[in-house]
Amino acid sequence: MKQEDAILLIRNAISNTKPQRWADLGSGSGTFTLALNAILPAGSQIIAVDQRTQNLPVEFIKADFEKDELPLTGLDGILMANSIHYIRDKERLIKKLEAYFVNQPTFLIVEYETTRVNPWVPYPISFHNLNNLFSDLGYHNIPRLGEIPSRFGGDMYAALIR
């Protein structure tokens, strides 16, 4: 995916003009890390987390965001782009991540619009299922920000959860 496409998909997630502190969990090579960096207000900070060492122009932590305790505090938001589909127990992970926020938790999720399991998406979560998951956890503001075709077939969606 091109960075411009990633920016288009998530650009409506940020409305606050104050500097913010975000984590990108499962950053990979940084397509969405850089897209988030492009739309955050000046002075914002992003901490990228991935199991493999990445060379990104933001702070980086090599860790497994599901299993490891992370040195994250005071977050305004967490981005998970194509990473929550690797997590079997999504509810447990969300409850763990809530402790990293300074105020109201804000999750920006980018995922494939599918329920079909495959080797690259072992625990898929469609927007409908994502909405149900977060609603069951007490979140009621779950807009779908947009969608774009995936080069692997089907669509990818972005959702903002508060």
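Every value quoted in this text rests on a predicted model; they were computed, and no experiment measured them. (Residues numbered from 1 in each chain as written. Predicted model: local features only at pLDDT ≥ 70, side-chain atom pairs only at ≥ 80, totals over all residues. Heavy atoms only, no water.)

A. Representation of the packing of aromatic side chains. If you walk through the whole model with that rule in mind, you get five aromatic pairs. Between Phe107 and Tyr139, the ring centres sit 6.1 Å apart and the planes meet at 75 degrees, which makes this aromatic pair edge-to-face. Separated by 32 residues along the polypeptide, Phe107 in strand 5 (residues 107-112) and Tyr139 in the loop between helix 4 (127-136) and strand 6 (144-149) bring together distant segments of the chain. The exposure class assigned to Tyr139 is buried, which follows from its relative accessible area of 6%. Here the aromatic cluster, defined as three or more aromatic residues joined through ring pairs, consists of Phe101, Phe107, Phe134 and Tyr139. (Phe/Tyr/Trp six-rings, centres within 6.5 Å; stacked < 30°, edge-to-face > 60°. Helix = DSSP H or I, 4+ residues; strand = E, 2+ residues; numbered from the N terminus. Buried < 20%, exposed > 50% of the residue type's maximum accessible area, 1.4 Å probe, protein only.)

B. Quick peek at helix 3 (residues 90-97). Buried within helix 3 we find Lys90, Leu93, Ile94, Lys96 and Leu97. Here the buried residues of helix 3 occupy an arc of 160 degrees about the axis, which is enough to place them on one side. Close packing links the buried residues of helix 3 with strand 1 (21-25), strand 4 (77-81), strand 5 and helix 4. (Arc of directions from axis to C-beta. Contact = heavy atoms within 4.5 Å.)

C. View of the nonpolar core. Within the largest apolar cluster, 32 residues are counted, with the highest numbers of intra-cluster contacts made by Leu25 and Phe107. Those residues within four positions of Leu25 in sequence are excluded, and the remaining contacts are Val49, Phe65, Leu70, Leu72, Ile78, Leu79, Met80, Ser83 and Leu97. (Core = buried A, V, L, I, M, F, W, Y, C linked by side-chain atoms within 4.5 Å.)

D. Region of the structure containing the pattern of salt bridges. All chains considered together, the criterion is met by three salt bridges. Notably, a salt bridge pairs Lys95 with Glu91, separated by 3.1 Å at the nearest N-O pair. Taken together, the positions of Lys95 and Glu91, both in helix 3 and four residues apart, correspond to about one turn of that helix. Here Arg144 ties to Glu113 by a salt bridge, and the two come within 3.0 Å at their closest N and O atoms. A residue pair is termed long-range when its members are at least 10 positions apart, and Arg144 in strand 6 and Glu113 in the loop between strand 5 and helix 4 qualify at 31 residues. Among the ionic contacts, a cluster of salt bridges with common partners joins Glu113, Arg144 and Glu147. (Salt bridge = Lys/Arg side-chain N within 4 Å of Asp/Glu carboxyl O.)

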